[in-house]
Amino acid sequence: MSKNAIENVLRNIPPINDILDETAVAELIGLHGRKLVLLRLGEVLDDLKNKLKNKTGKAEDMNCASESQKDLREKIIFDLSEAFKRQDLGRLKSVINATGIVLHTNLGRAPLPKNSLEKVFEICSGYSNLEYDLNKGIRGSRYDHLEEKLCRLTGAESAIIVNNNAAAVFLCLNTFAFGREVLVSRGELVEIGGHFRIPEIIINSGCIIREVGTTNKTYNWDYERAINENTAVLLKVHTSNYRITGFVCSAEIKEIEIPQGKVKPIMMEDLGSGCLFDLSSLGISKERSPGDSLESGADLVTFSGDKLLGGPQAGIIIGKKELIEKIKKNPLLRIVRCDKMTIAALEGLLETYDHADSPEMKIPALSMLAEDSDSLTAKALSLAKKIKKEAGAFCKVDVIDVEEVAGGGSLPGVVFRGKAVAVRTLKENPEQIRKLLRKSEQPIVCRIAEDRILFHVRTITEKEIEIIGRELRKVLEQKS
Ligand SMILES: *Cc1c(COP(=O)(O)O)cnc(C)c1O
């Protein structure tokens, strides 16, 4: 484009005040406020000008060279509303999880039970005794509220909570093994994802890693031989997202014998997913519970609040009182301490475990894992019916059997039998439909298998069935 032509177009850009007066823009101002609209409009105009000046735009962007002021104005308004759409997708918003993965790490892991939500609302909408001892009228500790409940539910002497389980592991190692050795089996050097890797956590908490055993077999004597005067912690890690099977051996803490003349290291177990509910009642092999770890000889056990426990993101440390007391004195505790929302949510959750006869029915993550085949089938039929009614003209709908996993680094190797509604579109590419569902007003995250869009019903609520039918119709209508 010639320099002259570009200048012409630049001159054709309407004045900002004119654009602000447009109905569509006034609507955006009503929704998002004038300040933000001005900011985004500035970005849109800069972008347009830059494209013109650098001639980097695609052919259609360049077409505005020949466009009238009216066309240009429409283009600017379109770009502006697209910018707000993009901004909206980036906002924290609720999504429908149709993947069947109950503890979906990308979708916020465990949905909170009602009790937790009510407690957060109650505590956080006003003041609370977060750090105030109502009995004595003096400063109290935020760590005291949950300790008794956690001890009762796990059988521990003492307990403390921090921001997440990664922080719990870090804090324990930093408190007890700074500058000293941590023994860990080569079969348990876990990577959880999001850069949480056991070897790096050990090193970054200021400790020396001392690997023992092999990938598939670590015997008691591997640990026993490695214990020396500089050993501070013997760390066992739950292999939460993989399983080593076949020719394997791993040691139980209880069976490790401390060689004569050596000091017993602190026995620590990072459980990852701390389950307080006996899943064997659901036909799932029994998961090692925090109480089991203590019984097997662990002095300290760490686990997450938002995995199989079914609550908020938190790291829970339970164990010997003298050890928890030392952790409370570590200045780094302040860096990983959790806030009142977490404490409130966790208290609501623990009270559910305490008071409910069947806590698995009141804790969404557990009730979804516990949902039986009849109930899943009924839900799938109901969703299939809804989809046929709304969008039957555009697709073929079936109820199918599916296999699911718990997710969130929990229950590795356990397969759940679930039900899904499979939708085969008549014309449209299923990937395209999935993308549009993700970007719809009420985003829906679903799967695709063998060219069909799958809605797993385990993680869908009754209320969401309506919405899925409606959003799918909108998307398919728009595409055909
Ligand atoms: C999940 C997990 C962690 C990290 O827990 P977060 O609560 O996600 O920080 C650490 N260790 C193990 C074994 C885990 O499974």
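Residues numbered from 1 in each chain as written. Predicted model: local features only at pLDDT ≥ 70, side-chain atom pairs only at ≥ 80, totals over all residues. Heavy atoms only, no water.

(A) Structural detail: the overall build of the chain. From N to C terminus, the chain includes 19 helices and 17 strands. With respect to the principal axes defined by its C-alpha atoms, the chain has extents near 90 × 50 × 50 Å. Counting the 480 residues in the chain, one finds 49% classified as buried. In the chain, 75% of the contacts between residues at least 6 apart in sequence involve partners at least 24 apart. Counting only carbon and sulfur atoms, one obtains 50% of the accessible surface of the chain, whose full area is about 24000 Å². Positive and negative side-chain charges of the chain, numbering 70 and 69 respectively, have mean locations separated by a distance of 3 Å. (Helix = DSSP H or I, 4+ residues; strand = E, 2+ residues; numbered from the N terminus. Buried < 20%, exposed > 50% of the residue type's maximum accessible area, 1.4 Å probe, protein only. Contact = heavy atoms within 4.5 Å. Areas by Shrake-Rupley, 256 points an atom, 1.4 Å probe, with all protein chains shown as cover. Lys, Arg positive; Asp, Glu negative; His and termini not counted. Charge placed at Lys NZ, Arg CZ, Asp CG, Glu CD.)

(B) Region of interest: the layout of surface pockets. Put simply, the largest pocket is a space of about 830 Å³. Around the largest pocket, the lining comprises 32 residues; the ones closest to its centre are Leu107, Gly108, Ala110, Pro111 and Leu112. Looking at the lining of the largest pocket, the elements that each hand over two or more residues are β1 (96–97), α7 (114–124), α14 (340–355) and α19 (462–479). Across the lining of the largest pocket, the residue classes tally to 15 nonpolar, 11 polar and 6 charged. Counting only domains with at least three residues in the lining of the largest pocket, you end up with domain 2 (96–106 + 368–479) and domain 3 (112–360). (1 Å grid on protein atoms, 1.4 Å probe; cavity = no way out; pocket = protein on both sides within 12 Å on 5 of 7 lines; lining within 4 Å. Points joined across faces, edges and corners; volume = space filled by probe spheres on them. Nonpolar A, V, L, I, M, F, W, Y, C, P; charged D, E, K, R; others polar. Domains from an automatic or database assignment.)

(C) Examining the site of the ligand more closely. Around the ligand sit 13 residues, and of these Ala166, Ser240, Asp270, Ser304 and Lys307 come closest. In this structure, arginine 109 approaches the ligand through a side-chain N or O atom, which is 3.0 Å from an oxygen atom. Between the ligand and alanine 166 there is a distance of 2.9 Å, counted from an oxygen atom to a backbone nitrogen or oxygen. For the ligand, the accessible surface in isolation is 390 Å², of which the surrounding protein chains cover 94%. Sorting the residues of the shell around the ligand by element identifies α9 (165–177) and β10 (266–273) as the ones contributing at least two each. Of the residues belonging to the shell around the ligand, the class tally is 4 nonpolar, 6 polar and 3 charged. (Near = heavy atom within 4 Å. Polar contact = N/O pair within 3.5 Å; in protein donor to acceptor, adjacent residues only side chain to side chain.)

(D) Representation of the packing of helix α4 (residues 34–54) against helix α6 (residues 69–90) in the model. At their nearest, the axes of α4 and α6 sit 9 Å apart, and the two run at 120 degrees to each other. The orientation of α4 with respect to α6, classified from their angle, is oblique. Seen along the crossing, α4 lies across α6 with a hand that is right-handed. In contact with Leu36, Val37, Arg40, Leu41, Val44, Leu45 and Leu48 of α4, α6 contributes Leu72, Lys75, Ile76, Asp79, Leu80, Ala83, Phe84 and Gln87. Within the contact of α4 with α6, the residues separate by chemical class into 11 nonpolar, 1 polar and 3 charged. (Axes fitted to C-alpha atoms, helices over the stretch in contact; angles between N-to-C directions. Parallel < 35°, antiparallel > 145°, perpendicular 65-115°, else oblique. Left-handed = near helix turned anticlockwise from the far one by under 90°.)

(E) Structural detail: the domain arrangement of the chain. When its domains are assigned, the chain resolves into domain 1 (3–90), domain 2 (96–106 + 368–479) and domain 3 (112–360). Taking only C-alpha atoms into account, the centre of domain 1 sits 53 Å from that of domain 3.

(F) How the structure looks around the sheet that holds strand β17 (residues 452–456). Spatially, the 4 strands line up as an open sheet ordered β13-β14-β17-β16, and their pairing is antiparallel. Two strands in the sheet have a free side with no partner beyond their single neighbour: β13 (395–404) and β16 (447–449). With strand direction ignored, the average angle separating the axes of adjacent strands in the sheet is 35 degrees. The pairing of β13 with strand β14 (residues 416–425) spans 10 bridges and is antiparallel. Of the residues in β14, the one forming a bridge with aspartate 398 is alanine 422. Packing of helix α17 (residues 373–391) onto the sheet brings it into contact with β13, β14 and β17, and relative to β14 it is tilted by some 10 degrees. (Pairing = 2+ DSSP bridges.)

(G) Spotlight on α6. Here α6 contains 22 residues, and its C-alpha end-to-end distance of 32 Å stays within 8% of the 32 Å for a straight helix at 1.5 Å per residue. Of all the positions in α6, only Leu72, Arg73, Lys75, Ile76, Ile77, Leu80, Ala83 and Phe84 are classed as buried. (Expected span 1.5 Å × (residues − 1).)

(H) The environment of valine 25, seen in detail. Residue placement: valine 25 occurs in helix α3 (residues 23–32). C-alpha of valine 25 to C-alpha of leucine 41: the two residues are 16 residues apart in sequence and 9.6 Å apart in space. Those residues in contact with valine 25, other than ones at most four positions away along the chain, are Ile19, Leu20, Val37, Ile77 and Leu80.

(I) Representation of the packing of α3 against α4 within the structure. Following both chains from N to C, one finds α3 and α4 inclined at 125 degrees, their axes separated by 7 Å at the closest point. With respect to each other, α3 and α4 are oriented oblique. Contacts between α3 and α4 involve Val25, Leu28, Ile29 and His32 from the first element and Arg34, Leu36 and Val37 from the second. Class assignment for the residues of the contact of α3 with α4 results in 5 nonpolar, 1 polar and 1 charged.

(J) Spotlight on the environment of arginine 73. By secondary structure assignment, the location of arginine 73 is in helix α6. Sequence separation between arginine 73 and methionine 361 is 288 residues, and the spatial gap between their C-alpha atoms is 56 Å. In this structure, arginine 73 is in contact with Pro14, Asp18 and Glu22, ignoring residues within four places of it in sequence. Among the polar contacts listed, one links the side chain of arginine 73 to the side chain of glutamate 22, at a separation of 3.0 Å.

(K) Layout of the side chain of arginine 458. For arginine 458, the position within the fold is in the loop between β17 and α19. For arginine 458, a relative accessible area of 3% translates into the label buried. A distance of 2.6 Å separates polar atoms of two side chains, one belonging to arginine 458 and the other to glutamate 404. Among the polar contacts listed, one links the side chain of arginine 458 to the backbone oxygen of arginine 417, at a separation of 3.0 Å. Excluding anything up to four places from it in sequence, arginine 458 contacts Gly100, Val102, Met368, Leu369, Glu371, Leu376, Lys379, Glu404, Phe416, Arg417 and Gly418.

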